[in-house]
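The lines below spell out each chain.
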Amino acid sequence: AQKITQTQPGMFVQEKEAVTLDCTYDTSDPSYGLFWYKQPSSGEMIFLIYQGSYDQQNATEGRYSLNFQKARKSANLVISASQLGDSAMYFCAMRESRGYGGSQGNLIFGKGTKLSVKP
Amino acid sequence: DAMVIQNPRYQVTQFGKPVTLSCSQTLNHNVMYWYQQKSSQAPKLLFHYYDKDFNNEADTPDNFQSRRPNTSFCFLDIRSPGLGDAAMYLCATSFLRTEAFFGQGTRLTVV
């Protein structure tokens, strides 16, 4: 069963506008972490933002914020004031605790959303 | 300063000829991952180490092996590369539950 679902293969956004990239996840583990990564055409995976399953507040990092709705199992990424340099693939990822001393587990990725920012 | 370094950035190998990709880290992280990413697809986890504890994904082909001689280095060995193994190979590290840091990847071409 797919654990991370990104339903938007591609998105367009006008420069300086905000955009939301969707991510839903599936886990029975009460302890997990959710991550968003950006992958430009160069190929490197760049960490953007993290949300822990027990975190009470939504994570924010500069222009990035994570809209975490635990009951709906969604962790959408919001990019405010889009820039041309934001054009890239965006991946949502999840790590379950899996009980390696209660602290580790596989980091698995969704299929990604290709964001294109229009000038 | 690069913290996760993959060598080489580009690797061309012949069909069936063993090839080794390397990854080193300066972060002293206890977890190291190897991912395979084919064009326009999500990274697929092949295996990971938690310290010296090796964890193989169930669907990782036997053709792929890994070694971690010490905390800083991890190797991916492809024993008999096929055309279907052409991909970007990504190494990543993390410490406990923190975010994973990725190297720049090695793009493997099989001819």
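Structural notes, computed from the coordinates. (Residues numbered from 1 in each chain as written. Chains lettered and ligands numbered in written order. Predicted model: local features only at pLDDT ≥ 70, side-chain atom pairs only at ≥ 80, totals over all residues. Heavy atoms only, no water.)

A look at the interface of chain A and chain B
Keep this limit in mind: We call two residues in contact whenever any of their non-hydrogen atoms come within 4.5 Å of each other. In this description, buried area is defined as the sum, over both parts, of the accessible area (probe of 1.4 Å) that is lost when the two are combined. Basic side-chain nitrogens of Lys or Arg form a salt bridge, by our definition, when they fall within 4 Å of a carboxyl oxygen of Asp or Glu. Polar contacts here mean pairs of N or O atoms no more than 3.5 Å apart (in protein, one a potential hydrogen donor and the other a potential acceptor; neighbouring residues in sequence count only if both atoms are side-chain atoms). Comment: elements are numbered from the N terminus, with helices defined as DSSP H or I runs of at least four residues and strands as E runs of at least two. Residues are grouped as follows: Ala, Val, Leu, Ile, Met, Phe, Trp, Tyr, Cys and Pro are nonpolar; Asp, Glu, Lys and Arg are charged; every other residue, Gly included, is polar.
Every contact between the two is made by 23 residues of chain A and, on the other side, 25 residues of chain B. Buried surface at the junction of chain A and chain B, both sides included, amounts to about 1900 Å², of which 50% is carbon and sulfur. Where chain A packs against chain B, one counts zero salt bridges. Where chain A touches chain B, the interface holds five residue pairs in polar contact (both at pLDDT 80 or more). Listed by contribution, the elements that provide at least two residues to the side of chain A that touches chain B are β5 (32-39), β6 (46-52), β10 (88-96) and β11 (107-109) of chain A. Here the side of chain A that touches chain B gets three residues from one element, more than from any other, and that element is β5 of chain A. Taken together, the residues of the side of chain A that touches chain B break down into nine nonpolar, 11 polar and three charged.

Looking at the pairing of strand β9 (residues 87-94) of chain B
All names here are of chain B. The test is simple: Buried means the residue's accessible area, taken with a 1.4 Å probe over protein chains only, is under 20% of the maximum for its type, while exposed means over 50%, and partly exposed covers the values in between. The rule for pairing is simple: two strands pair if DSSP sees at least two bridges between them.
Of all eight residues making up β9, eight are buried, and the element is well covered by its neighbours. The pairing of strand β4 (residues 31-37) with β9 spans seven bridges and is antiparallel. Among the inter-strand pairings, Trp34 is bridged to a residue of β9, identified as Cys91. Sheet analysis places β9 next to strand β10 (residues 101-102), joined by two bridges and oriented antiparallel. Its bridge partner being in β10, Thr93 is matched across the sheet by Phe101.

Side note on the state of the cysteines
Short version of the rule: Whenever a pair of cysteine sulfur atoms sits within 2.5 Å, that pair is classed as a disulfide.
What the rule picks out here adds up to two disulfides over all chains. Shown here is the disulfide that connects Cys23 of chain A with Cys92 of chain A, its sulfur atoms set 2.0 Å apart. Classification of the bridge connecting Cys23 of chain A and Cys92 of chain A rests on its S-S torsion, roughly -65 degrees, and on that basis the disulfide is left-handed. A residue pair is termed long-range when its members are at least 10 positions apart, and Cys23 of chain A in the loop between β3 (19-21) and β4 (24-25) and Cys92 of chain A in strand β10 qualify at 69 residues. Cys92 of chain A carries the same exposure label as Cys23 of chain A, and that label is buried. The partner cysteine of Cys23 of chain B in its disulfide is Cys91 of chain B, sulfur to sulfur 1.9 Å. Residues Cys23 of chain B and Cys91 of chain B share a disulfide whose torsion about the S-S bond is about -75 degrees; that sign makes it left-handed. Placement of the pair is Cys23 of chain B in strand β3 (residues 19-25) and Cys91 of chain B in strand β9, with a sequence separation of 68 residues. The exposure class of Cys91 of chain B is buried, given its relative accessible area of 0%. Unpaired in terms of disulfides, Cys74 of chain B finds its nearest cysteine sulfur in Cys91 of chain B, a separation of 6.0 Å. Judged by relative accessible area, which is 1%, Cys74 of chain B ranks as buried.

Examining the packing of aromatic side chains
Cut-off, in case you're wondering: Two aromatic rings from Phe, Tyr or Trp, using only the six-membered ring of Trp, form a pair when their centres are within 6.5 Å; if the ring planes differ by under 30 degrees the pair is stacked, by over 60 it is edge-to-face, and anything between is tilted. Counted as over-ring charges are cases with an Arg CZ or a Lys NZ within 6 Å of the ring centre that also lie within 35 degrees of the ring normal.
Scanning all chains against the criterion turns up 16 aromatic pairs over all chains. Their ring planes at 65 degrees and their centres at 5.8 Å tell us that Tyr37 of chain A and Phe47 of chain A sit as a pair that is edge-to-face. With Tyr37 of chain A in strand β5 and Phe47 of chain A in strand β6, this residue pair connects regions lying 10 residues apart in the sequence. Note on Phe64 of chain B and Tyr89 of chain B: the rings are 6.1 Å apart at their centroids and 35 degrees apart in plane angle, and the pair reads as tilted. One end of the pair, Phe64 of chain B, is in strand β7 (residues 64-67); the other, Tyr89 of chain B, is in strand β9, and 25 residues separate them in sequence. A residue is classified by how much of its surface remains accessible, and Phe64 of chain B, at 4% relative accessible area, is buried. Here Tyr89 of chain B falls in the buried class, since its relative accessible area comes to 0%. Sitting over the ring of Tyr64 of chain A, Arg63 of chain A keeps its end group 5.7 Å from the ring centre.

These figures capture arrangement, not role.
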